[in-house]
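# Chains, contacts and geometry: an overview
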Amino acid sequence: MWTVVYMAQSKEIVMKLQQVLEKEGLLVKIRPISKNLDNNDNYYEVLVPESEVEEAHSIIIDTGF
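Residues numbered from 1 in each chain as written. Predicted model: local features only at pLDDT ≥ 70, side-chain atom pairs only at ≥ 80, totals over all residues. Heavy atoms only, no water.

Counting buried residues along strand S3 (residues 44-49), 6 of its 6 residues qualify, which places the element largely inside the surrounding structure. Inspection of the sheet shows strand S1 (residues 2-8) paired to S3 by 6 bridges, in the antiparallel sense. Its bridge partner lying in S3, Met 7 is registered against Glu 45. In this structure, strand S2 (residues 29-32) lies alongside S3, joined through 4 bridges in antiparallel fashion. Following the sheet pairing, Ile 30 is matched in S3 by Val 46. (Buried < 20%, exposed > 50% of the residue type's maximum accessible area, 1.4 Å probe, protein only. Helix = DSSP H or I, 4+ residues; strand = E, 2+ residues; numbered from the N terminus. Pairing = 2+ DSSP bridges.)

Right under this line is the structure:
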């Protein structure tokens with residue numbers, strides 16, 4: 001099961017976080033919050049498998065996101 005570990009305010013932020021998490025070997029999915037908004041104005045959920053939530057949180061905290 002996939003779990004939300006972060007909500008990003010822009011496409012730029014979500015792409016940077018995705019790169020950081022994938023570089024550490026985690027599986028990552030990105031999902032827009034609203035399907036009706038332009039990509040630049042949307043918020044995004046960052047999801048990882050449930051088994052990787054703790055590791056993802058540690059990486060997010062360590063990198064200052």
